[in-house]
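# Secondary and tertiary structure notes
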Amino acid sequence: EYVRVKFSIPEYIPVDLTDSTERFLRGTHSGAEKIFVRPATEEIRQQIRQRILDKYDVYCSSSSMHNLEFGRPDCSKAAALQWLCEKLDVDPATVVAFGDGENDKEMLQFAGLGVAMGNAHPACKEAADVVIGTCAEDGVAEFLEQLWGE
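Here the structure is a predicted model, which is why all the values come from computation and not from measurement.

How each quantity is defined
Just so you know, the residues in each chain are numbered from 1, in the order the chain's sequence is written. Restriction of local features to residues with pLDDT of at least 70 applies here, the model being predicted, together with a cutoff of 80 or more for giving and counting side-chain atom pairs; totals for whole chains, interfaces and linings are based on all residues. With hydrogens and water stripped out, all remaining heavy atoms of the structure feed into the side-chain values. Under the scheme used here, helices are H or I runs from DSSP no shorter than 4 residues and strands are E runs no shorter than 2 residues, and both carry numbers assigned from the N terminus. Exposure categories follow from relative accessible area, calculated using a 1.4 Å probe and restricted to protein chains: below 20% of the type maximum is buried, above 50% is exposed, and the middle band is partly exposed. It only takes one pair of heavy atoms within 4.5 Å for two residues to be counted as in contact. The accessible surface values rely on the Shrake-Rupley method and a 1.4 Å probe; as for residues, cover is taken only from the protein chains in view. At least two bridges found by DSSP between two strands is the condition for calling them paired. Axis definition: a line fit to C-alpha positions, over the contact stretch in the case of helices; interaxial angles, taken between N-to-C directions, run 0 to 180 degrees. Note on terminology: a nonpolar core comprises buried Ala, Val, Leu, Ile, Met, Phe, Trp, Tyr and Cys residues joined through side-chain atoms within 4.5 Å. What a helix should span is 1.5 Å times the count of its residues minus one. Polar contacts here mean pairs of N or O atoms no more than 3.5 Å apart (in protein, one a potential hydrogen donor and the other a potential acceptor; neighbouring residues in sequence count only if both atoms are side-chain atoms). Convention used here: a crossover is right-handed provided that the path from the first strand, over the helix, to the second strand proceeds clockwise when the strands point away from the viewer.

The next point concerns the overall build of the protein chain. The secondary structure content of the protein chain amounts to six helices and six strands. In sequence order, the protein chain lays out its α and β elements as α-β-α-β-β-α-β-α-β-α-β-α. The burial tally for the protein chain puts 37% of its 150 residues in the buried class. Pairs at least 24 residues apart make up 36% of the contacts formed inside the protein chain by residues separated by at least 6 positions. Of the roughly 9,300 Å² of accessible surface on the protein chain, 53% is carried by carbon and sulfur atoms.

Written out as structure tokens, the structure is:
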């Protein structure tokens, strides 16, 4: 199900959250998994982030410098990795996780070894234990070869 969202930034767009969007943000709508927003400018992006987080208990992240993703507070890559570790009886300290986006930072902190790509978002790099080469430089392959001694 797609949800249309109109959001308010006083000098830009009038307020008009649809009923299903409002229910989603309040945690009472079970149909949608997340809301994806692609603001026109960084200024609008930051204003939307702050206004939503000030009003609602939601998880907010971003998979690029040009979007925002809002979801349930317990919905993150770290939560998914934790669930998987529990199901497979794997000690998180033995897990290596790779990431490049802002939405990867909690996962990198959860894993025993968090690895950020050289071209990663600054928050991702800060959360990582190690920063490796970029995607274009085959950073993951080179890191795994070093890790496994090949």
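With that settled, the discussion passes to the sheet that holds strand E2 (residues 59-61). As summarised here, the arrangement of the three strands in space is E1-E3-E2, forming an open sheet in which the pairing is antiparallel. The open sheet is flanked by strand E1 (34-37) and E2, the only strands paired with a single partner. Shown here is a sheet whose adjacent strand axes are inclined to one another by a mean of 15°, direction ignored. As paired strands, E1 and strand E3 (residues 68-71) are joined by four bridges and run antiparallel to one another. Bridge assignment links Lys34 to a residue of E3, and that residue is Gly71.

Across soluble globular proteins, nonpolar side chains show a tendency to be buried alongside one another. Core analysis: the biggest nonpolar cluster contains 11 residues, these being Leu81, Cys85, Val95, Ala97, Met107, Leu108, Ala111, Ala116, Ala120, Cys124 and Ala128. Those elements that provide at least two residues to this core are helix H3 (77-88) and helix H4 (105-110). By size, the runner-up hydrophobic cluster in this structure holds 10 residues, among which are Ile35, Val37, Ile44 and Ile48.

With that settled, consider H3. Here H3 contains 12 residues, and its C-alpha end-to-end distance of 16 Å stays within 8% of the 16 Å for a straight helix at 1.5 Å per residue. For H3, the elements touching its buried residues are strand E4 (96-99) and H4. For H3, the capping residue at the N-terminal end is Ser76, with a side-chain oxygen 3.3 Å from the backbone nitrogen of Ala78. Phi turns positive one or two residues past the end of H3, at Asp89, with a value near 55°.

Summarising the sheet, E4 and strand E5 (residues 113-116) pair through four bridges and their orientation is parallel. Among the inter-strand pairings, Ala97 is bridged to a residue of E5, identified as Gly114. Taken together, E4, H4 and E5 constitute a β-α-β crossover, and its handedness is right-handed. Taken together, the two bridges between E5 and strand E6 (residues 130-131) define a ladder with parallel strand orientation. Bridge pairing links Ala116 to Val131 in E6.

Turning our eyes to something else, we now look at the environment of Gly112. Positionally, Gly112 belongs in the loop between H4 and E5. Owing to a relative accessible area of 38%, Gly112 belongs among the partly exposed residues under this scheme. C-alpha of Gly112 to C-alpha of Ala97: the two residues are 15 residues apart in sequence and 8.1 Å apart in space. Setting aside residues no more than four positions away along its own chain, Gly112 makes contact with Pro92, Ala93, Val95 and Asp129.

Any functional reading would require information beyond the geometric quantities listed.
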